[in-house]
Amino acid sequence: MPPDTPRPPHAHHRLLRWTLIAGLGGAMAAVALLVVALAWYGPQLPSLAPVTTYQPRQPLQVVTADGVEIAQFGAERRQFVPIEKIPLLLQQAVLSVEDARFYDHHGIDLRGLARAVLAQFTGGLRQGASTITQQVARTFFLSQRFTPERKLKEALLALEIERRLDKPHILELYLNQIYLGQRSYGFAAAADAYFGKPLDALSIAEAAMLAGLPQNPHYANPITNLERATQRQRIVLQRMVATGAITPEQQAVARAEVLKLRPASQQPLHAEHVAEMARRAVVDRFGTEAYSQGLKVTTSLRAADQQAAWAAVRKGVLAYDARQPWRGPEGNEALPADSSADLERAAGQALKDYRDDDLLRLAIVLAASPREVLALLANGDRVRISGDGLRLAQPGLATRASDDLAVRRGAVVRVVQGPGKGDAPGAWALTQWPEVQAALVALDAATGRVRALVGGFDFQQQPFNHATQAWRQPGSSFKPFLYSAALESGVMPATLVNDAPFTADDGWSPQNSDGSFDGPITLRQALARSKNLVSIRVLQQVGVPTVLAWAKRFGFDQARQPDNLTLALGAGSTTPLQLAQAYAVLANGGWAVTATVIERITDAQGKVLFEAPPPAPRDEAGRAVPARNVFVTNSLLNDVTRVGTAARAQQQLGRPDVYGKTGTTNDAVDAWFAGFRPVVTGSDGVVAVVWLGHDQPQSLGSRESGGGLALPVWLDYMAQALKGLPVAPVPPAAPDGVAWVADDWRYAEWAEGGAVASIGLDPAAADPGAAASAASAASGPAAAASSAPPAASAASVPRTP
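Residues numbered from 1 in each chain as written. Predicted model: local features only at pLDDT ≥ 70, side-chain atom pairs only at ≥ 80, totals over all residues. Heavy atoms only, no water.

Engineer: Outline the overall build of the chain, listing residues and values.
Structural biologist: Within the chain, the secondary structure is distributed over 25 helices and 23 strands. Within the chain, the proportion of its 801 residues that are buried is 53%. Counting only contacts in the chain whose residues sit at least 6 apart along the sequence, the fraction spanning at least 24 positions is 69%. Split by element, the accessible area of the chain, about 35,900 Å² in all, is 53% carbon and sulfur. (Helix = DSSP H or I, 4+ residues; strand = E, 2+ residues; numbered from the N terminus. Buried < 20%, exposed > 50% of the residue type's maximum accessible area, 1.4 Å probe, protein only. Contact = heavy atoms within 4.5 Å. Areas by Shrake-Rupley, 256 points an atom, 1.4 Å probe, with all protein chains shown as cover.)

Have a look at this one:
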């Protein structure tokens, strides 16, 4: 070939030239298409206000005073986090897999689109064709259904968003708005839902796992399909290495990390009744829009107290129910033969209409005999129950068990796992869902702030709040307020009262709970032993109107109390919360408190919309009950927990500074314990009230009582509530106006006599101190030792022990 003859172009060069020409032509065509699309669709595009003035739909959140979440209400679970507080590592993880050229394009990435198409046809690593900005446009303005029209509008909106907003703002919108499964919108909510931690605590492996969710959060959900989620995580880690976000060494460490996922059913803190109280209060104030405005309700609860209260209530209710007869399975379902491969599927289908529980596990019986039961849990696990685990259900395992009691194949039952030994799992036992209800409420005695509130055994089963809404007879737990009123009428702790049979003019003839009569005993002894007949005679002495008026000082609703002698036995009505407020007056030295659950409500930006008023000052002008009255009444209550019906309180807690009173109504329909550790300084006083009973009043059992049912729950809770608190002085410093005379306290004006010496007896004893000596000889010690000042003498005048 002559030297000056042009060499024909190589095939590779020709391909490159035609590719460039085609690319240029495609780009020109794309620009032309955009121009046409803009002219056609531009007027139809929505306003960009949702992104330029972003108002994320954030749920209503309820938290404890120490920041632990109780509940969220709203269709979307979201926690808005500004871009400057989102870790760079997470931003890089998302961008590496979703839009690596995010900071280089202007809303549409033609190179990225071409690369995605090429990868699709060559089998390379799959990449998304939509930019972050396009995904923002789609998320805020368009449907997820793919159509050419939607893609054109998406591109036009992306260009306009890029023109109006800077890159950090766009990325902030994306990271807070995108749906990521588990009802979570945005990465902060997803980090909490999947890992139970904030964004700044995520590891590389966790960040990569979350970054893999936007493409298909249902498919790659790590809780429902960890294998697929891990495969997606591997892709993200590979892209992070490719983009320089992490090193290969960091990738290897992340791949090896074993992720600890948060269980889907995990409930960080059981305070459902309080959450419902907060929800209603917020909706009443702000309307249903509160579910999407990101409002935050901070309650007065203390997380550790609340958890202890919930555990104590559950333990107490289950302990009571374990003593009740077997009531039979919750249902009976048909199951295929054991050899059927569809057994587990059929069992799961049979249980779908029953509700499982974290403790009382739902199960269906596969085989049953008097010696062993094989059952399938709702999650597919099989458990074997034998020995003591069958004790409760033995009536249903008998050969001739009635149909309503029988435990047979297909029976739907509850099982509970006991504590294990070492690494060995605990044994399983048949149990049943309890019918009895319970409530516990605990207050800061000085401020009235609610530290813990459990409104029932299970909110889902029974949402009625027994702590605030159940008006029940308080029984003997009302007696301290009767005795407090009696002090003002000259009835002192050493006053002798006749514990003898009593019949009213109308024929009413009440009894003591133990059916016995002790004859003349002191007021102090009578309260420690919870003597009904003494209380009735004291009420006769003081007068019903006087006691009703005095009880009002403690916060009792006078209209709900009887205006007759049954008042002495607590035949009126109160709620656990109201009773706790009343005992708080004794615990704090004499000031009425208003129970407060909601401390403050803030909006999504942290602006305070509501704040509870501070507690009223504890000055003499605001005092509800005289200091000396509280001091003497509390000395009586301390004996109740030392040698009386609640004597196990001081013994079990190992401290003398607890005060309280048991309560059992007629026929043991209601069981109570109310008590406290008094205020010494600041907010160290704790008052707690426990109630057990049925929704439809019926006896808890002839041998049941407040001391046997409610007191153990109270003790379990107080063991946590008092942890770390020093023991308060017992007795505390005596206030002005009291004197220690003849081994007991009395008001100073009656130090030399003049108080009521006796009630229901021949008034031969002119001095209650002498009467106390007589009673001591007749019926045992006066039980005042814990209330006595050191080295007290009969001639003492008002003094500080």
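Engineer: Outline the pattern of salt bridges, listing residues and values.
Structural biologist: Here the structure, examined in full by the defined rule, presents 39 salt bridges. Here Arg472 makes a salt bridge to Asp670, at a shortest N to O gap of 2.9 Å. Of this pair, Arg472 sits in the loop between helix H16 (466–469) and helix H17 (479–487) while Asp670 sits in strand S19 (residues 670–677); the two residues are 198 residues apart in sequence, bridging distant segments of the chain. Taken together, the shared-partner salt bridges connect Asp499, Asp514, Asp518, Arg529 and Lys531 into one network. (Salt bridge = Lys/Arg side-chain N within 4 Å of Asp/Glu carboxyl O.)

Engineer: Would you mind going over the sheet that holds strand S14 (residues 491–499) in detail, with residue names and values included?
Structural biologist: Strand order in this open sheet of 3 strands is S15-S14-S23, and the pairing throughout is mixed. Two strands close off the open sheet at either side, each with one partner strand: strand S15 (519–522) and strand S23 (756–759). The sheet shows a mean angle of 20° between the axes of neighbouring strands, direction not considered. With 3 bridges joining them, S14 and S23 adopt parallel strand pairing. Counted as the bridge partner of Val497 is Ile759 from S23. (Pairing = 2+ DSSP bridges. Axes fitted to C-alpha atoms, helices over the stretch in contact; angles between N-to-C directions.)

Engineer: Before we move on, could you go through the nonpolar core and cite the residues and values that matter?
Structural biologist: Within the largest apolar cluster, 121 residues are counted, with the highest numbers of intra-cluster contacts made by Phe481, Val538, Phe554, Tyr583, Trp714, Tyr717 and Met718. Those residues within four positions of Val538 in sequence are excluded, and the remaining contacts are Leu482, Ala486, Val497, Leu523 and Ile759. Counting residues in each nonpolar core, the second largest holds 53 residues, with Leu165, Phe187, Phe195 and Leu259 among its members. (Core = buried A, V, L, I, M, F, W, Y, C linked by side-chain atoms within 4.5 Å.)

Engineer: Lay out the pairing of strand S9 (residues 382–386) in plain terms, naming residues and giving numbers.
Structural biologist: Taking every second residue as pointing to the same face, the buried face of S9 carries Val383 and Ile385, while none of Arg382, Arg384 and Ser386 on the other face is buried. Across 5 bridges, the pairing between strand S8 (residues 372–377) and S9 is antiparallel. If you follow Val373 over to S9, its bridge partner there is Ile385. The hairpin turn running from S8 into S9, its antiparallel successor, is 4 residues long, and Gly380 in that turn takes a positive phi close to 100°.

Engineer: I'd like to hear about the packing of aromatic side chains, residue by residue, with values.
Structural biologist: Inspection of every chain in the model, using the stated rule, returns 13 aromatic pairs. When the ring of Phe673 is compared with that of Trp714, the centres are 4.8 Å apart and the planes differ by 65°; the resulting orientation is edge-to-face. Placement of the pair is Phe673 in strand S19 and Trp714 in helix H24 (residues 706–721), with a sequence separation of 41 residues. Each member of the pair, Phe673 as well as Trp714, carries the same accessibility label: buried. Where Tyr747 meets Trp750, the ring centres are 5.9 Å apart and the plane angle is 5°; that geometry is what we call stacked. (Phe/Tyr/Trp six-rings, centres within 6.5 Å; stacked < 30°, edge-to-face > 60°.)

Engineer: How would you explain the side chain of Gln578 if you had to name every residue and give the values?
Structural biologist: Along the chain, the position of Gln578 falls in helix H21 (residues 576–587). Relative accessible area serves as the criterion here: at 10%, Gln578 is assigned to the buried category. Looking at Gln578, its side chain comes within polar contact range of the side chain of Thr574, at 2.8 Å. The contacts of Gln578, once residues within four sequence positions are left out, are Trp471, Gly555, Phe556, Asp557 and Ser573. (Polar contact = N/O pair within 3.5 Å; in protein donor to acceptor, adjacent residues only side chain to side chain.)

Engineer: Describe the pairing of strand S18 (residues 659–664), naming the residues involved and giving the relevant values.
Structural biologist: The buried fraction of S18 is high, at 5 of 6 residues. With 6 bridges joining them, S18 and S19 adopt antiparallel strand pairing. Directly across from Thr662, in S19, lies its bridge partner Phe673. Between S18 and S19, which follow one another and run antiparallel, lie 5 residues, and Asp667 among them has a positive phi close to 60°.

Engineer: So what's going on with the sheet that holds strand S13 (residues 450–454)? Which residues, and what values?
Structural biologist: Here 5 strands make up an open sheet; going across it, the order is S13-S12-S20-S19-S18 and the pairing antiparallel. Sheet topology places S13 and S18 at the edges, where each strand pairs with a single neighbour. This sheet shows a mean twist of 5° between the axes of neighbouring strands, independent of strand direction. Inspection of the sheet shows S19 paired to strand S20 (residues 686–693) by 8 bridges, in the antiparallel sense. Note that in S20 the partner of Ala671 across the bridge is Leu692. Sheet contacts for H24: strand S12 (437–444), S13, S18, S19 and S20; angle to S19, the most-contacted strand, approximately 30°.

Engineer: An account of unusual backbone geometry is needed here, citing residue identities and associated values.
Structural biologist: The omega torsion across Val730 and Pro731 is -5°, close enough to zero to call that bond cis. By the secondary structure assignment, Pro731 is in the loop between H24 and strand S21 (738–741). In this model, Ala668 sits at a positive phi of 55°, which is unusual for a non-glycine residue. With respect to the element layout, Ala668 can be found in the loop between S18 and S19.

Engineer: Any details on the environment of Leu453? Residues and values, ideally.
Structural biologist: Note on placement: Leu453 falls in strand S13. Apart from the residues lying within four places of it in its own chain, the contact partners of Leu453 are His273, Val274, Met277, Leu301, Gln306, Leu440, Val441, Asn465, Ala467 and Thr468.

Engineer: I'd love a proper account of the environment of Ala526, names of residues and values included.
Structural biologist: Secondary-structure assignment places Ala526 in helix H18 (residues 523–529). For Ala526, a relative accessible area of 0% puts it in the buried group. In the structure, Ala526 is positioned 27 residues away from Asp499 in sequence and 8.3 Å away in space, judged by C-alpha atoms. Residue contacts for Ala526: discarding those within four places in its chain leaves Tyr483, Ile521, Lys531 and Val534.

Engineer: Just give me the short version of H21, but keep the residues and values in it.
Structural biologist: Its 12 residues place the ends of H21 16 Å apart at the C-alpha level, agreeing with the 16 Å of an ideal helix rising 1.5 Å per residue. The element H21 is largely enclosed, with a buried count of 12 among its 12 residues. Regarding H21, the residues found buried are Pro576, Leu577, Gln578, Leu579, Ala580, Gln581, Ala582, Tyr583, Ala584, Val585, Leu586 and Ala587. The first or second residue beyond H21 is Gly589, which carries a positive phi of 100°. (Expected span 1.5 Å × (residues − 1).)

Engineer: Any details on the confidence of the model for the chain? Residues and values, ideally.
Structural biologist: Looking at the chain as a whole, the pLDDT averages 86, with 84% of positions reaching at least 70. Confidence over residues 790–801 falls short of pLDDT 50; this stretch has 29 contacts with residues more than four positions distant or in other chains. (pLDDT = per-residue confidence, 0-100.)

Engineer: With reference to specific residues and values, describe the packing of helix H3 (residues 88–98) against helix H9 (residues 204–211).
Structural biologist: Each pair of packed helices can be summarised by the angle the axes make with each other and by the distance between the axes. The N-to-C vectors of H3 and H9 enclose an angle of 40°; their axes lie 9 Å apart at closest approach. Comparing the axis directions of H3 and H9 gives the class oblique. For the pair H3 and H9, the crossing hand works out as right-handed. Contacts between H3 and H9 involve Leu89, Leu90, Ala93, Val94, Val97 and Glu98 on the former and, on the latter, Ile204, Ala207 and Ala211. (Parallel < 35°, antiparallel > 145°, perpendicular 65-115°, else oblique. Left-handed = near helix turned anticlockwise from the far one by under 90°.)

Engineer: How would you summarise the side chain of Glu276 if you had to cite specific residues and measurements?
Structural biologist: Note that Glu276 resides in helix H12 (residues 272–286). A distance of 2.7 Å separates polar atoms of two side chains, one belonging to Glu276 and the other to Arg279.

Engineer: Please set out the environment of Leu692 residue by residue, giving values where relevant.
Structural biologist: Following the sequence through the fold, Leu692 ends up in strand S20. Distance in space between the C-alpha atoms of Leu692 and Gly316 is 9.1 Å, their sequence separation being 376 residues. In contact with Leu692, not counting residues within four places along its chain, are Val317, Gln437, Ala438, Val669, Asp670, Ala671, Leu700, Leu709 and Ala710.

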